Amino acid sequence: MTIDNTEGARAQIGVTGLAVMGSNIARNFARHGHTVALHNRSIAKTDALIEEHGSEGDFVRTETIEEFVAALQKPRRVLIMVKAGDPTDAVIEELASAMEPGDIIIDGGNALYTDTIRREASLRDRGLHFVGAGISGGEEGALNGPSIMPGGPKESYQALGPLLESIAAQVDGTPCCTHIGPDGSGHFVKMVHNGIEYADMQLIGEAYNLFRDALGYDADQVADVFTEWNAGDLESYLVEITAEVLRQKDAKTGKALVDVIVDAAEQKGTGRWTVKSALDLGVPVTGIAEAVFARALSGAREQRKAAVGLASGRLADKPADAAQFTEDIRQALYASKVVAYAQGFDQIAAGSAEYDWDLHPADLATIWRGGCIIRARFLNRIKDAYDENPKLPSLILAPYFRDAIETAIDSWRRVVSTATLLGIPVPAFASSLSYYDALRAERLPAALTQGQRDFFGAHTYERVDAEGKFHTLWSGDRSEVQA
Ligand code: 6PG
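Every chain is numbered on its own, with residues counted from 1 as its sequence reads. Local features in this predicted model are restricted to residues whose pLDDT is 70 or higher, and side-chain atom pairs enter the listing and the counts only when it is 80 or higher, whereas totals over whole chains, interfaces and linings include all residues. Each side-chain value is derived from all of the structure's non-hydrogen atoms; neither hydrogens nor water enter the calculation.

Going by the annotation in an unreviewed UniProt entry, the name recorded for the chain is 6-phosphogluconate dehydrogenase, decarboxylating, with Rhodococcus pseudokoreensis given as the source organism. One UniProt comment on the chain, placed under Function (unreviewed entry), says "Catalyzes the oxidative decarboxylation of 6-phosphogluconate to ribulose 5-phosphate and CO(2), with concomitant reduction of NADP to NADPH." UniProt positions are given in the numbering used here, feature names are shortened, and annotations may be inferred rather than shown by experiment. Recorded in UniProt under Subunit (unreviewed entry), the annotation for the chain is "Homodimer."

(A) Up close: the overall build of the chain. Helix numbers and strand numbers start at the N terminus; a helix is a DSSP run of H or I with at least 4 residues, a strand a run of E with at least 2. Scanning the chain from terminus to terminus reveals 19 helices and 11 strands. It is over C-alpha atoms that the radius of gyration is taken, and the globule rule equals 2.2 Å times the number of residues to the power 0.38. The C-alpha atoms of the chain give 26 Å as radius of gyration, which agrees with the globular expectation for 483 residues (23 Å, within 12%). C-alpha atoms of the chain, sized along the principal axes, occupy 85 × 65 × 45 Å. Three labels apply to residues, based on accessible area from a 1.4 Å probe with only protein chains included: buried if under 20% of the type maximum, exposed if over 50%, partly exposed otherwise in between. Taken across its 483 residues, the chain has 51% of its residues classed as buried. Taking as baseline every contact in the chain between residues at least 6 positions apart, the subset at least 24 positions apart corresponds to 67%. Per-residue accessibility takes into account occlusion by the displayed protein chains alone, with areas from the Shrake-Rupley method and a 1.4 Å probe. For the chain, the exposed area adds up to about 22,400 Å²; of that, 52% sits on carbon and sulfur atoms. Counted as positive: Lys and Arg. Counted as negative: Asp and Glu. His and the chain ends are not counted at all. One atom stands in for each charge, and that atom is NZ of Lys, CZ of Arg, CG of Asp or CD of Glu. Of the charged side chains in the chain, 47 are positive and 68 negative, and the gap between their average positions amounts to 3 Å. The contact criterion used is simple: two residues touch if any of their non-hydrogen atoms lie within 4.5 Å.

(B) Expanded view of the site of the ligand. For each residue, the test is whether any non-hydrogen atom lies within 4 Å of the molecule or strand; if one does, the residue is near. With respect to spatial proximity, 14 residues lie near the ligand, and among them Ser136, Glu197, Tyr198, Lys268 and Arg295 are the closest. Polar contact is defined as a pair of N or O atoms within 3.5 Å, subject to the rule that within protein one atom must be able to donate a hydrogen and the other to accept it, and that residues adjacent in sequence are counted only when both atoms are side-chain atoms. A distance of 2.9 Å is found between an oxygen atom of the ligand and a side-chain nitrogen or oxygen belonging to arginine 295. In the complex, 80% of the free accessible area of the ligand, which totals 410 Å², lies under the protein chains. Counting residues per element, the shell around the ligand draws most heavily on helix α8 (residues 185-213), at 5 residues. When grouped by side-chain class, the residues that make up the shell around the ligand number 2 nonpolar, 8 polar and 4 charged. Following the grouping adopted for this structure description, the nonpolar residues are Ala, Val, Leu, Ile, Met, Phe, Trp, Tyr, Cys and Pro, the charged ones are Asp, Glu, Lys and Arg, and the polar ones are all others, Gly among them.

(C) Seen up close, the nonpolar core. Grouped together as the largest cluster of nonpolar side chains are 94 residues, with contacts concentrated most on Phe226, Trp229, Trp368, Ile382, Trp412 and Phe429. Per element, the largest residue contribution to this core is 14 residues, and it comes from helix α14 (residues 322-355). Buried Ala, Val, Leu, Ile, Met, Phe, Trp, Tyr and Cys residues that are joined via side-chain atoms within 4.5 Å together make up what is termed a nonpolar core.

(D) Here's a closer look at the packing of aromatic side chains. Side-chain rings of Phe, Tyr and Trp (the six-membered ring for Trp) are treated as a pair once their centres are within 6.5 Å; stacked means planes under 30 degrees apart, edge-to-face means over 60, and tilted covers the remaining angles. Taken as a whole and judged by the stated rule, the model has 16 aromatic pairs. Ring geometry for phenylalanine 226 versus tryptophan 229: centroids 5.1 Å apart, planes at 70 degrees, classification edge-to-face. With phenylalanine 226 and tryptophan 229 both in helix α9 (residues 219-229) and 3 residues apart, the pair spans about one turn of that helix. Given a relative accessible area of 0%, phenylalanine 226 falls into the buried group. Measuring from ring centre to ring centre gives 4.6 Å for tyrosine 355 and tryptophan 357, while their planes differ by 20 degrees; the resulting arrangement is stacked. A relative accessible area of 29% means that tyrosine 355 is categorised as partly exposed. Exposure remark for tryptophan 357: the relative accessible area of 2% places this residue in the buried category. The rings of Tyr334, Tyr341, Phe378, Tyr400 and Phe401 are connected pair by pair, giving a single aromatic cluster. The residue whose ring lies beneath arginine 295 is tyrosine 198, and the NZ or CZ to ring-centre distance is 3.6 Å. Both a distance and an angle decide whether a charge sits over a ring: NZ of Lys or CZ of Arg must be within 6 Å of the ring centre and within 35 degrees of the ring normal.

(E) Structural context of the pairing of strand β5 (residues 104-107). Side-chain alternation along β5 places Ile104 and Ile106 on one buried face and Ile105 and Asp107 on a second face that is also buried. In short, DSSP must find at least two bridges between two strands for them to pair. Note that strand β4 (residues 77-80) and β5 share 4 bridges and pair parallel. Its bridge partner being in β5, arginine 77 is matched across the sheet by isoleucine 104. Handedness of a crossover: with both strands directed away from the viewer, a clockwise path from the first strand across the helix to the second marks it as right-handed. For the crossover that starts at β4, traverses helix α4 (residues 86-98) and ends in the parallel β5, the hand is right-handed.

(F) Representation of the side chain of threonine 242. Structurally, threonine 242 can be placed in helix α10 (residues 237-247). Looking at threonine 242, its side chain comes within polar contact range of the main-chain oxygen of leucine 238, at 2.5 Å. Ignoring sequence-local partners within four residues, the contact set of threonine 242 consists of Ile204 and Phe226.

(G) Quick peek at the pattern of salt bridges. Salt bridges are counted wherever a side-chain nitrogen of Lys or Arg sits within 4 Å of a carboxyl oxygen of Asp or Glu. Evaluation of the coordinates by the stated rule reveals 29 salt bridges. With a shortest N-O distance of 3.2 Å, arginine 463 and glutamate 480 are connected by a salt bridge. Residue arginine 463 is found in the loop between α19 (446-457) and β10 (470-472), and its partner glutamate 480 is found in strand β11 (residues 480-482); the two are separated by 17 residues along the sequence. Its relative accessible area of 35% is what places arginine 463 among the partly exposed residues. The class for glutamate 480 is partly exposed, based on a relative accessible area of 35%. A network of salt bridges, in which partner residues are shared, links Asp89, Asp107, Asp115, Arg118 and Arg119.

(H) Just the side chain of asparagine 194, in detail. Of note, asparagine 194 is situated in helix α8. The contact partners of asparagine 194, leaving out residues within four places of it in the chain, are Asn110 and Thr270.

(I) Inspection of the packing of helix α17 (residues 399-422) against helix α18 (residues 427-440) at higher detail. Lines fitted to the C-alpha atoms define the axes, with helices restricted to the stretch that makes contact. Angles between their N-to-C directions range from 0 to 180 degrees. For the pair α17 and α18, interaxial distance at closest approach is 10 Å and the crossing angle is 130 degrees. On the basis of the axis angle, α17 is oblique to α18. α18 is crossed by α17, and the crossing has left-handed handedness. Here Ile405, Ile409, Trp412, Arg413, Val415 and Val416 of α17 lie close against α18, whose contacting residues are Phe429, Ala430, Ser432, Leu433, Tyr436, Asp437 and Arg440. In the contact of α17 with α18, the residues fall into 9 nonpolar, 1 polar and 3 charged. Throughout this description, any angle smaller than 35 degrees is read as roughly parallel, any larger than 145 degrees as roughly antiparallel, any in the 65 to 115 degree range as roughly perpendicular, and the remainder as oblique. Each crossing is labelled by how the near helix is turned from the far one, with a counterclockwise turn of less than a right angle marking it left-handed and a clockwise turn marking it right-handed.

(J) Inspection of the sheet that holds strand β6 (residues 129-136) at higher detail. One open sheet holds the 7 strands; their spatial order is β3-β2-β1-β4-β5-β6-β7, and the pairing between them is mixed. Because the sheet does not close on itself, it has two edges, and the strands there are β3 (59-61) and β7 (147-150). With direction set aside, neighbouring strand axes in the sheet form an average angle of 25 degrees. Relative to the sheet, helix α2 (residues 43-53) contacts β2 (36-39) and β3, its axis offset from that of β3 by approximately 145 degrees. Contacts between helix α5 (residues 113-125) and the sheet are confined to β5 and β6, with β6 contributing the most and set at about 150 degrees to the helix.

What follows is the structure, encoded as structure tokens:
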């Protein structure tokens, strides 16, 4: 271990911002044999890292930005792991002033992709490379292998890719890291990843709620179900940790921990960003939106308190066949999950078209198979589906998923209708099923919407049997004219 930089520029990578994520990534680099320059606004964090983990590899301790930059081999590569927003801009400015053309600044935080587009353009003007890299996997992933989604100039990936790939999770010998595309594409893709994460978590929550409120299971019983599910098609990190969280006991009361946690879900914003962006792009990410709104509703604690005891109109008793209902929930979860991913990939395709990013869905499925929060067995199937047809109009149409939904459809309907009859909320299950029904419908009520729009605003409509736009003279003789 080296804790000074008297030997000059010898670090392959620098990490600034040494809170838990930054420290863990720095240690991951060092453990993979890279010399890592460390920097933090307060030196105490840097020293703590070196004291506790200095033996894990070769670290260079630096105090000032100038010292930090001087410790790096060229082209200099600096990973920023600070809070998204203004703190990121401040650090970028400080670094950019001390760096030289050709150097690379990587933002590994959850930045808003439009900020990344802006920052990349401004640093490009100064001859610097700016890489917005989505990093998923939480604290544990940062240390032992995250999924990394770097955007930015392709040239920078030549100098950066091998470094990032060396610390990323590996699945079947393939690193969970690839160059995503230009400017803000890495952070855009990470944002949608988080949107899918929200949907997945909400769907799991709805499944748990049904076991608790429809079948009367306690947390341990639900944990057993999730453990079993994790051995099948639903195998995923989120299903695995669900069982662990449900099994955890509260030391103070002896109850299941989940029963003493306040039922108000918080959010830092990436789910909300996904939905806002989807609205702008015109992509119906209904599962993700329901998940974001469900968190908001859970957080409306005063309103909810006032509403407890409102009429329920419960029209059914608890399901008589618990085993059948359990299987129904499993199928509903799987099918709704396919919808959430299908919608997320639609948003990625729309973002790619809007910003001219040329994103490759199969590559994204590949790097999400390991390291990240939404890692799951069925990402292999998504990868296969896009490998086979990169222009798939919807993931739902891939033969594998089409068949899976066909198998699940009756169960899915039983779950949504039973929950409705029992008065148990299933916003994500229900909206995913409605999305599926709308997508496959031959006729939607949108024709009526068009008629109404034409009636009150002369907005015109198209006909099923002729080209062009038409308008009915609603306040005249109601004949039709070509618009
Ligand atoms: C990841 C996670 C990570 C984080 C988010 C979600 O991919 O490692 O998505 O980015 O957990 O901050 O946070 P919220 O639930 O607070 O929005």
